[in-house]
Amino acid sequence: MVQQLKPVDVVVVGLGWTGAIMARELTKAGLEVLAIERGPDRDAASSFALPSIRDELRYSIRQELMQDAKTDPVSFRHRPTDEALPIRRFGAFLPGDGVGGMGTHWNGNTFRFLPTDHRLKSHLTERYGAARIPDYMTIQDWDVSYDELEPHYAKFEAVCGVSGKAGNIRGAIQAGGNPFEGPRSGEYPNKPLTPSHANELFRKGAGDLGLHPFPAPASNSSAPYTNPEGAKLGGCQYCGHCDRFGCEADAKATPWSTLGPALTGEAKFRKLTQAYVSRVLYDKAAKRATGVRYIDVRSGETFDQPAEIVVLATWVFGNTRLLLNSGIGTPYDPKTGSGVVGKNYCYQIQPTCEVFFETEELNPFMGAGGLGMVVDDFNGDNFDHSNLNFFGGGYISLGSTNGRPINFRPTPPGTPRWGAKWKSETAKWYRRTASMLVEGTNYSSRANFLDLDPNYRNVFGDPLLRVTYNFTDNDRAMADWVLGKAAEIGRAMGATVVAPKPRKGDFNVTAYQSSHNSGGAIMGKSPADSVVNRYLQHWDAHNLFVVGASAFPQNAGYNPTAAAAALTYWAAQAIAGAYVKHPAPLVPA
């Protein structure tokens, strides 16, 4: 039997970055907010204490902080004609679980998207002509400009205490920063992290080639810091345990370390954990969401939670599945191109290039999640594509992070994969190896999308979300070209061995690449081309807001967290400043 609960002003589904931001902003506006989180409650003091948090086997290999694929997987296939199968162990991407979500186990890379990323289709059409855009490529503009989001990017950076060096302040290029970034209103809150020796080799090599290296912007605080919400962050210890781990020093900004203290002291905020939301309750005739239905995962009891405003903040897969399960909006059909829910699912393509040095000691066990040196010369449309057979690009970085003993065992090409020679080569090169990453764009394709699996269900009885995805010709051509540039940097660094590792064959769902998924509930100018409008308000239910990277029409060549967070601040401002006064569509359909 479904039990009815008392109504609340706002129910937020998911308590990662976007859920925590929305909860904080709407309680500031005087609204009563209930946040519902599928996983357990967590905080640094009780969950991430030393020495247990340094357990690589528990957290990295056995995925302690990730969604349990045994009870709630997704299914996957490369092509619409393939049969999808459930992913029983997450590999390529790692959905988070529990309070903080993926924001708890992220590395902390905090890039802004380029201004051209916000109006991609218009920009490429203006510069190269519409005929240059491949027929299969379904890119579109965001309908929110970089300039509109700039204050919200800055707000998120202040909350996280981002360490970095600005490259463009109000149009003035700054030495040592990224000259390709959009104009910023000010410098980063913290100075850059202390570069590693490998970072400095990269800086010199890239500089010798005439490129523009700069320190990666990182939500790993380079010094003790108090954010505008009053939360205190510690200085980074360079322990090398960020990605897949919590941070005992609160030096890595997470949703709960930065916003949790303020939310905990807020009388209008409540959080409910270990509660699986199965659907949004929807009055189709009135075009309104009336609340959500959830299952207490400990007791199995089912509840209906009424609310005046519903916010979906459950990452790309959760947001899309809830819309499809709830029958809100028209599912995307790749054959006809009609429908929008599930459309433009994107990932990223990330080839790497390892560099081995006979004479350099690089000590990879010391690092921080966002510690790195970067060039942005080959990202987005920062270079001329007139004579190239692709669009897009990616930043090239050399990160000093996560050189832990189980997962980090680099050896040069030609080394046996087992035996005495492998052991001796592993011992020889461990301290003398670094890896460069190409963070490649992924422009949306007609054949990549999300829908409900007709054959498989999760432990709660709901259909699995089915992911149909593969790299496109554009992805492969772009990645190979930018990887060649990374190899040039490696040679300029003076490496003994430069070993580029291109992405070949079908997308590999078992090997970790990143959790930079996007799309499925994209934003746009009309209900015909999008699920939500520019304020992330659903076209078919004006009191339903769908926040996060699910709104991106395509994926840029950057880590997406800052863009998703800035969009959430933008949407929260619209709800608090306009919607609650006049509950109605904020943009005419």
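Every chain is numbered on its own, with residues counted from 1 as its sequence reads. Thresholds applied to this predicted model are a pLDDT of at least 70 for local features of residues and 80 or more for the giving and counting of side-chain atom pairs; totals over whole chains, interfaces and linings are not thresholded and use all residues. Values shown for side chains rest on all heavy atoms present in the structure; no hydrogens or waters enter the calculation.

**Student:** Explanation requested: the pairing of strand β14 (residues 302-312) in the structure shown.
**Tutor:** Residues in a regular strand project their side chains so that they alternate between the two faces of the sheet. Burial here depends on accessible area, computed with a 1.4 Å probe over protein chains only, as a share of the maximum for the residue type. Under 20% is buried, over 50% is exposed, and the range in between is partly exposed. What counts as a helix is a DSSP run of H or I of at least four residues, what counts as a strand is a run of E of at least two, and both are numbered from the N terminus. Judged by how many residues are buried, β14 sits mostly within the fold: nine of 11 residues are covered. Note that strand β1 (residues 2-4) and β14 share three bridges and pair parallel. Following the sheet pairing, Q4 is matched in β14 by D304. DSSP-based pairing: two strands are paired if at least 2 bridges between them are found. Strand direction decides the pairing type here: strand β2 (residues 8-13) and β14, joined by five bridges, are parallel. Residue pairing in the sheet places V11 in a bridge with V310 of β14. For strand β13 (residues 288-296) and β14, the ladder comprises five bridges, and the chain directions are antiparallel. When the sheet's bridge partners are listed, R293 is paired in β14 with D304. Between the antiparallel neighbours β13 and β14 lie five residues, among them G300 with a positive phi of about 85°.

**Student:** Sorry, what's going on with the UniProt feature "domain: Glucose-methanol-choline oxidoreductase N-terminal" (unreviewed entry) in the chain here?
**Tutor:** UniProt positions are given in the numbering used here, feature names are shortened, and annotations may be inferred rather than shown by experiment. UniProt tags residues 232-346 as "domain: Glucose-methanol-choline oxidoreductase N-terminal" (unreviewed entry). When the span residues 232-346 is considered, its composition is 18% helix and 30% strand, and the gap between its end C-alpha atoms is 35 Å.

**Student:** Honestly, helix α7 (residues 197-208) in this entry has me stumped. Any pointers?
**Tutor:** The α-helix advances 3.6 residues per turn, and as a result positions three or four apart in sequence lie on the same side. In a regular helix each residue adds 1.5 Å, so 12 residues correspond to 16 Å; α7 covers 17 Å between its end C-alpha atoms and thus fits that length. Inspection of α7 places A198, N199, L201, F202, G205 and A206 among the buried residues, and these make up the whole buried set. Taken down its axis, α7 places every buried residue within 160° of arc, on the same side. The exposed residues of α7 that point more than 90 degrees off its buried face are K204 and D208. In the segment just after α7, G210 is the residue with positive phi, at about 85°. Multiplying 1.5 Å by the helix residue count minus one yields the expected span of that helix. Directions pointing from the helix axis toward each C-beta atom define the arc.

**Student:** It is not clear to me how the nonpolar core should be interpreted in this structure. Could you clarify?
**Tutor:** One broad rule of soluble globular proteins: the nonpolar side chains tend to lie buried together. Core analysis: the biggest nonpolar cluster contains 145 residues, and F93, F202, I396, M436 and L567 have the highest contact counts within it. The leading source of residues in this core is helix α13 (residues 561-579), at 13 residues. Every residue pair with non-hydrogen atoms within 4.5 Å of one another is taken to be in contact. Excluding its chain neighbours within four sequence positions, the residues that come into contact with I396 are F202, M373, V374, V375, F378, M436, L437, V438, V482, K485, A486 and I489. For our purposes a nonpolar core is just a set of buried Ala, Val, Leu, Ile, Met, Phe, Trp, Tyr and Cys residues, chained together by side-chain atoms within 4.5 Å. Counting eight residues, the second largest nonpolar core, distinct from the first, contains L124, I133, I139 and F391.

**Student:** Hey, could you run me through the side chain of N559 in this one?
**Tutor:** As for its placement among the helices and strands, N559 is situated in the loop between β23 (541-546) and α13. Residue classification places N559 among the buried residues on the basis of a relative accessible area of 8%. Here the side chain of N559 touches Y395 through a polar contact of 2.6 Å, side chain to side chain. Sequence-distant contacts of N559, that is, excluding residues within four places in its chain, are made with N109, F111, F113, Y395, E439 and H516. Any pair of N or O atoms that falls within 3.5 Å is considered a polar contact. Within protein, one atom must be able to donate a hydrogen and the other to accept it, and sequence-neighbouring residues count only if both atoms are side-chain atoms.

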